[in-house]
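# Fold and geometry: a report
Listed below, chain by chain, are the residues.
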Amino acid sequence: VTTMVAPQTGVRFSAARMQPIPLLQTSSSHQAIGTTRLASVTKETKREVGASPAGVAGVGLQLFNATAEVKVWTSRVAMHLDRVTRDRLFAQIDALHDHDEWSEGDSKIALASYQTMIRAMIHHRMNSKPALSIMPSGNVIALWTRDAGRLTVEFLPGNRVRWLVAMQSKQGPERAAGESPIERLSDVLRPYDADGWLDGC
Amino acid sequence: MSSARTTRMVGWMAAKKALPDAHHVMRFASKQKRFIHPDTLEPMGPSPAAFALREGDEGGVSVVEVEHFGAFDLASRRSAAIAHRNTTRDKKLGPQAIFAWAKVVDVVGAGKKYGKALRVVSAPVDGNPAHAEIRHFAPEDIDILDYYATDVFQEWCTVKDLSLTPHNAAAE
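Residues numbered from 1 in each chain as written. Chains lettered and ligands numbered in written order. Predicted model: local features only at pLDDT ≥ 70, side-chain atom pairs only at ≥ 80, totals over all residues. Heavy atoms only, no water.

## Topic: the overall build of chain B
Tallying secondary structure elements over chain B gives four helices and eight strands in all. Counting from the amino terminus, chain B carries its helices and strands in the arrangement α-β-β-β-β-α-β-α-β-β-α-β. Residue burial in chain B is summarised as follows: out of 172 residues, 53% are buried. Once local pairs closer than 6 in sequence are excluded, the contacts in chain B between residues at least 24 apart make up 71%. Accessible area for chain B stands at about 7,500 Å²; split by element, carbon and sulfur atoms hold 54% of it. (Helix = DSSP H or I, 4+ residues; strand = E, 2+ residues; numbered from the N terminus. Buried < 20%, exposed > 50% of the residue type's maximum accessible area, 1.4 Å probe, protein only. Contact = heavy atoms within 4.5 Å. Areas by Shrake-Rupley, 256 points an atom, 1.4 Å probe, with all protein chains shown as cover.)

## Topic: the packing of aromatic side chains
In this structure the tally under the stated criterion is nine aromatic pairs over all chains. Centre to centre, the rings of Trp-163 of chain A and Tyr-192 of chain A are 6.4 Å apart; their planes meet at 45 degrees, and the pair counts as tilted. One end of the pair, Trp-163 of chain A, is in strand β6 (residues 160-169); the other, Tyr-192 of chain A, is in the loop between α5 (185-189) and α6 (195-199), with 29 residues separating them in the sequence. According to the relative accessible area criterion, Trp-163 of chain A is buried, its value standing at 6%. Overall, the relative accessible area of 24% leaves Tyr-192 of chain A in the partly exposed class. With centroids separated by 6.3 Å and ring planes inclined at 35 degrees, the aromatic side chains of Tyr-148 of chain B and Phe-153 of chain B adopt a geometry described as tilted. Exposure class is identical for Tyr-148 of chain B and Phe-153 of chain B. Each is buried. (Phe/Tyr/Trp six-rings, centres within 6.5 Å; stacked < 30°, edge-to-face > 60°.)

## Let's talk about the confidence of the model for chain B
Residues and elements named next belong to chain B. Per-residue confidence for chain B gives a mean pLDDT of 87, with 85% of residues at or over 70. Highest mean pLDDT in chain B belongs to strand β5 (residues 98-103) (98); lowest belongs to helix α1 (residues 3-13) (50). Low pLDDT (under 50) marks residues 167-172, which in the prediction has ten contacts with non-local residues, meaning those over four places away or in another chain. Under the prediction, the complex receives an ipTM of 0.85, its pTM being 0.79. (pLDDT = per-residue confidence, 0-100.)

## Remarks on the interface of chain A and chain B
In this complex, chain A contributes 35 residues to the contact, which on the side of chain B involves 36 residues. When the two sides are added together, the surface that chain A and chain B hide from each other amounts to roughly 2,700 Å², 57% of it contributed by carbon and sulfur. If you sort the residues of chain A by the area they bury against chain B, Glu-101, Glu-104 and Arg-175 of chain A come out on top, with a joint share of 24%. Between chain A and chain B we count seven salt bridges in total. (Buried area = accessible area lost by both parts, 1.4 Å probe. Salt bridge = Lys/Arg side-chain N within 4 Å of Asp/Glu carboxyl O.)

## Details of the side chain of Ser-113 of chain A
Residue and element names in this part refer to chain A. Among the structural elements, Ser-113 can be located in helix α4 (residues 111-123). According to the relative accessible area criterion, Ser-113 is buried, its value standing at 0%. From its side chain, Ser-113 meets the backbone oxygen of Phe-155 in a polar contact 2.5 Å long. Residues within four places of Ser-113 in sequence aside, it is in contact with Gly-138, Asn-139, Val-140, Phe-155, Leu-156 and Pro-157. (Polar contact = N/O pair within 3.5 Å; in protein donor to acceptor, adjacent residues only side chain to side chain.)

## Quick word on the pattern of salt bridges
Summed over all chains, the structure comprises 15 salt bridges over all chains. Residues Arg-162 of chain A and Glu-154 of chain A are paired through a salt bridge, measuring 3.1 Å at the closest nitrogen-oxygen approach. One salt bridge connects Asp-146 of chain B with Arg-175 of chain A, and the closest N-O pair in it is separated by 3.2 Å. Here Asp-146 of chain B, found in helix α4 (residues 142-152), pairs with Arg-175 of chain A, found in strand β7 (residues 172-181), and the two come from separate chains. By relative accessible area, Arg-175 of chain A is classed as partly exposed at 28%. Sharing partners across several salt bridges, the network here consists of Arg-150 and Arg-175 of chain A together with Asp-143, Asp-146 and Asp-151 of chain B.

## So, the sheet that holds strand β6 (residues 119-122) of chain B
All names here are of chain B. Reading across the sheet, the six strands line up as β6-β7-β4-β1-β5-β8 and stay open at both edges, with antiparallel pairing between neighbours. In the strand order of this sheet, the two ends are held by β6 and β8 (155-158), each with one partner. Between one strand axis and the next, the sheet turns through 35 degrees on average, direction left out of account. Direction of pairing for β5 relative to β8: antiparallel, over a ladder of four bridges. Counterpart to Phe-99 in the pairing with β8 is Cys-157. On top of the sheet, helix α2 (residues 74-86) reaches β1 (24-29), β4 (61-65) and β5; it is set at about 50 degrees to β1, its chief contact. (Pairing = 2+ DSSP bridges. Axes fitted to C-alpha atoms, helices over the stretch in contact; angles between N-to-C directions.)

## Details of the packing of helix α3 (residues 83-96) of chain A against α4 of chain A
The description of two helices packed together rests on the angle between their axes and the distance between the axes. Residue and element names in this part refer to chain A. The contact between α3 and α4 brings their axes to 13 Å, and the two run at 155 degrees. In this view, α3 runs roughly antiparallel relative to α4, as classed from their interaxial angle. Between α3 and α4 lies a crossing whose hand is right-handed. Seen from α3, the contacting residues are Thr-85, Arg-88, Leu-89, Phe-90 and Ile-93; seen from α4, they are Tyr-114, Met-117, Ile-118 and Met-121. (Parallel < 35°, antiparallel > 145°, perpendicular 65-115°, else oblique. Left-handed = near helix turned anticlockwise from the far one by under 90°.)

Structure representation (structure tokens):
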């Protein structure tokens, strides 16, 4: 089991059994401290990986790095997300990066896809709480459900989304899908009355 | 070239035997390919990610034929899951991973809905004689992936419920 020591804090990290990383506090000064600490941990992790005999990071280290990467990036836009939302997202990511459940064909979350999701959440002021999964490409895929309907959105790199609405209208079942820039997501969902799902309405 | 790949290549060149319509095939989906609930953090059903092509899906979507091991029951599903596990590098499956199953006729029928002429064929590999592939399934859009996750492979059970925890691999 590889362990790392964060240089500033002296905290030891185990690569084999990752724990959720405490990152963000409510004040901006604490956010800056959290960012600095995580950046140090990530840098140290990369140094350890480079120095390993095989030169190849284990799954645990890769997951650790990927998780730290998205949390560090999130801290940069933390002023736009409330703490409850951040904590929920981080907990879901930790669950998706569960080392004990890792299987062949699994992928680390792709930062570019995660960034698209966060930008979409901020742009559309999403208050809702989607379920999350990860595509083999590393893209984040989110699910909203309401009654017999659901909205599925895959966040692509470059601020684009693939979306799918499956719902039961008065005239019968309907399915609609498309690909759009994140700025247009509410507009394209409106005919299906699905734009409100993003707000939790 | 590994023996598993050799088997697969030789098999690919030969005519593939289509599976009977009434048989069931199981698809493995790790915890990551299930949706994680935002409040409970419990994994839910398979997400579209479970049916996207991934590492190991060389000739199509990899599945396991349940009836290769007998009647469609828990014992056969467990045998099929073990056969799948045999093809993994570390012989371990996470306890919260699932196997979702569907009838061959439903898999093919769902393809027709999307204009795809799917075939579910036997494609044995080393360690897994029940290995099969859903051919011509090149899902490029989220719609068909979602449809398979929600309307076709509707039933599933966890690795834990199949008593296939990572720690009992050596006991099989």
